[in-house]
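Letter by letter, the chains look like this.
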Amino acid sequence: MTTLLVIAKEPRPGRVKTRLTPPFTPRQAAALAEASLADTLHTVARTPAHRRVLALEGEPGPWLPPGFEVVRQCAGTLDERLAAAFAHCTGPTLLIGMDTPQVTPPLLTLDWTDCDAYFGPAEDGGFWALGLAVPDPRLLRGVPMSTPHTGAAQRARLTGLRVRDLPPLRDVDTAHDASLVAKEAPNSRFAITLAELNAPHRAAGLYQSAAPPRGAINHDEPAANR
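Within each chain, residues carry numbers counting from 1 in the order of the written sequence. For this predicted model, a pLDDT threshold of at least 70 governs which residues receive local features, and a threshold of 80 or more governs which side-chain atom pairs are given and counted, while totals over whole chains, interfaces and linings are taken from all residues. Computation of side-chain values: all heavy atoms of the structure, hydrogens and water removed.

Draft legend 1. Region of the structure containing unusual backbone geometry. Between Thr-21 and Pro-22 the backbone carries a cis peptide bond, its omega angle lying at -10°. Secondary structure follows DSSP: runs of H or I at least 4 residues long count as helices, runs of E at least 2 residues long count as strands, and numbering of each begins at the N terminus. Inspection of the secondary structure assignment puts Pro-22 in the loop between β1 (3-9) and α1 (26-46). Here Pro-22 and Pro-23 are connected by a cis peptide whose omega angle stands at 15°. By the element assignment, Pro-23 lies in the loop between β1 and α1. Even without glycine at this site, Ser-146 takes up a positive phi of about 60°. Positionally, Ser-146 belongs in the loop between β6 (127-132) and α4 (150-157). Whether a residue is buried, partly exposed or exposed follows from its accessible area with a 1.4 Å probe, protein chains only, as a fraction of its type maximum: under 20%, in between, or over 50%, in that order. You can call Ser-146 partly exposed: its relative accessible area is 27%.

Draft legend 2. Representation of the pattern of salt bridges within the structure. Salt bridge, as applied in this entry: a Lys or Arg side-chain nitrogen positioned within 4 Å of an Asp or Glu carboxyl oxygen. For the structure on display, the rule yields 13 salt bridges. Of the charged contacts, one joins Asp-39 and Arg-189 as a salt bridge, the two residues approaching to 3.2 Å between their closest N and O atoms. Taken together, the residues span a long stretch of sequence, with Asp-39 in helix α1 and Arg-189 in helix α6 (residues 189-204) at a distance of 150 residues. A relative accessible area of 5% places Asp-39 in the buried class. Overall, Arg-189 belongs to the partly exposed group, its relative accessible area being 38%. Counted as one network, the salt bridges with shared partners bring together Arg-15, Glu-57 and Arg-81.

Draft legend 3. Representation of the sheet that holds strand β3 (residues 69-72) in the model. When DSSP finds at least two bridges between two strands, those strands are taken to pair. Ordered in space as β3-β2-β1-β4-β6-β5-β7, the 7 strands form an open sheet in which the pairing is mixed. In this open sheet, the two strands that pair with only one neighbour each are β3 and β7 (163-165). Taking the axes of each pair of neighbouring strands and ignoring which way they run, one obtains an average angle of 20° across the sheet. Summarising the sheet, strand β4 (residues 93-96) and β6 pair through 4 bridges and their orientation is antiparallel. Residue Thr-93 lies in a different strand from β6, and its bridge partner there is Leu-132. Relative to the sheet, α1 contacts β1, β2 (51-57) and β4, its axis offset from that of β1 by approximately 170°. To get an axis, fit a line to the C-alpha atoms, keeping to the stretch in contact for a helix; angles then go from 0 to 180 degrees between the N-to-C directions. The contact rule is simple, with two residues in contact once any of their heavy atoms fall within 4.5 Å.

Draft legend 4. Geometry of the environment of Val-71. Its place among the elements puts Val-71 in strand β3. It is 6.2 Å that separates the C-alpha atoms of Val-71 and Leu-54, two residues lying 17 residues apart in sequence. Residues contacting Val-71, with those up to four places away along its chain left out, are Val-53, Leu-54, Ala-55, Leu-56 and His-88.

Here it is in structure tokens:
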């Protein structure tokens, strides 16, 4: 059975989802980050797993369901933090971030027969999931993060392994992303929180469509804190 590993930041204003500001305030962006993280963790909690590990920058909060081992993220760049998170695990392990609240238990339920790795590409050029039958931090160290080519670079690191690709998902980085992801998971905490934040603007006739997402990703707020 798989160890499910989530890498995340404590959802504090000004520290998470900074690309949501504007149109949202730092406090509102943190509320969306908390909802996304809670959705992700509760999905992981409902998924059969050998272990459930949260690699966290910051302190746990009421959004953390029972059944998780919490480990501190190391200092350093994102590739180093992801590598260190894998180092806490043994056996088949799937890493995801906090930026895909639309994720479901079936997506996280993996068959490792004749498989060395799983790779979940993100629509912005990054990746939302990385699974390794044998966690090897060397497969992540040195991968350039927060570029339009991060996913391709990480996928190339898996050359020579038997890899299965997961469906692409959209990370929540911008307000445009948030709107699209909420439509994919309309009953999620994330969608409900977004609707509550948008309601006053709609009522006042002030709501405007968000700008399209930028080309570069922001993996400092995965998935895979992201």
